[in-house]
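Tertiary structure, described
Each chain is listed here by its residues.
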Amino acid sequence: MTKQKKPSEEPGVPRRNNSKQILDAAEKVFSVHGLSGTRIEDIARACGLPKANVLYYFSTKEKLYKATLERVLGHWLANAELHLSAEQDPAEGLRQYVLSKMAFSQKHPAASRLFMHELLAGGRHVRGFLKTTMREHVANRVTVFKIWQEKGLIQIADPVHFLFLLWAMTQSYADMQVQYATLLGRPRLTQADFETGTEAILQLVNAACLQKRDGN
C-alpha cells in the first residue's frame, strides 16, 4: 500500500513556503535600503537561505523586487474589492476596509514603506501596474461610490480623491510611524494608538455616510 503524503510533502508546498520566506525577507530589506542599496546576499541572510536558493526562485534582484511590490499591491486591491462593493452597506463596507488597511499597516509596516520607497524613486517598477491594473481598480471603486451616491447612501465631493484620502490616512500609520510615535512620546506606536487612530479615521469616514430613510 502506498503511503499517503502529508500536506507538507505535496508537490509545490516547499516551493510556496520558500517563496513566501524569501518575499517576507525581501519586503523588510528592500523597505530599509531600497532596490539600489540591497544585495541578494542581504536577502539570503535575512531569510536564512543560501544565495543560490534565492536566485533559483527569483533569477535577478529586479525580479524579486517587482514580485515583492506586486504582492503588497495585490493584498491592498483584494481588500478593497472585498469590502468596497456595490452590494455592501457603505458604512459597514468602509468600516471593514479601514480596519483591514490599518491592520495591514500595523502588521506589515515594511510593505507600505517599500511601496513608498518605490514611489519616491520615481515608480519605474510599478508604473505599468499603476497605468493598467491599478487604474482599472480605481475606476471600479469609483463606480461603487457613484452607485452609493445615487442611492443617497454617501455624500462625498469627489470619489477618486475620497479613495486617495482613504489610502493616505490608513497607510500613514506605517509610513510615518516614527514621526507619530515620537510626537506621542514613545519609541513605537502601541496597539492602543492603532485603535485610537482607527476610530479617528472611522469618525471622518462615517461623516460621509448617510442614514437610509424608510421608504427611500
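Here, every reference points to the structure presented above.
Note that this is a predicted model, so its numbers are computed, not measured. (Residues numbered from 1 in each chain as written. Predicted model: local features only at pLDDT ≥ 70, side-chain atom pairs only at ≥ 80, totals over all residues. Heavy atoms only, no water.)

Relative to the elements of secondary structure, K101 occurs in helix α5 (residues 90–107). Look at K101: it is buried, it has no salt bridge, and the nearest opposite charge is D175 at 8.2 Å. What K101 contacts, discounting residues up to four positions off in sequence, is W76, W167, T170 and Q171. (Helix = DSSP H or I, 4+ residues; strand = E, 2+ residues; numbered from the N terminus. Buried < 20%, exposed > 50% of the residue type's maximum accessible area, 1.4 Å probe, protein only. Lys, Arg positive; Asp, Glu negative; His and termini not counted. Salt bridge = Lys/Arg side-chain N within 4 Å of Asp/Glu carboxyl O. Contact = heavy atoms within 4.5 Å.)

Inspection of the secondary structure puts W76 in helix α4 (residues 61–83). Between the C-alpha atoms of W76 and S112, which are 36 residues apart in sequence, the distance is 10.0 Å. The contact partners of W76, leaving out residues within four places of it in the chain, are K101, F104, S112, F115 and Q171.

Once that is clear, we can look at helix α10 (residues 191–206). With 16 residues, α10 ought to run about 22 Å at 1.5 Å a step, and its terminal C-alpha atoms sit 22 Å apart, in line with that. For α10, the full list of buried residues reads D193, F194, G197, T198, I201, L202 and V205. The buried residues of α10 occupy an angular sector of 165° when projected down its axis, which confines them to one face. Away from its buried face, by an angle of more than 90 degrees, α10 presents the exposed residues T196, E199 and Q203. (Expected span 1.5 Å × (residues − 1). Arc of directions from axis to C-beta.)

Let us now look at the environment of D89. By the element assignment, D89 lies in the loop between α4 and α5. For D89, a relative accessible area of 44% puts it in the partly exposed group.

This part covers the nonpolar core. Within the largest apolar cluster, 56 residues are counted, with the highest numbers of intra-cluster contacts made by I22, L64, L94, F145 and L166. With eight residues, the single largest contributor to this core is α4. Once residues lying within four places of it in the same chain are set aside, the contact partners of F145 are L84, L94, I154, I156, P159, F162, L163 and L166. (Core = buried A, V, L, I, M, F, W, Y, C linked by side-chain atoms within 4.5 Å.)

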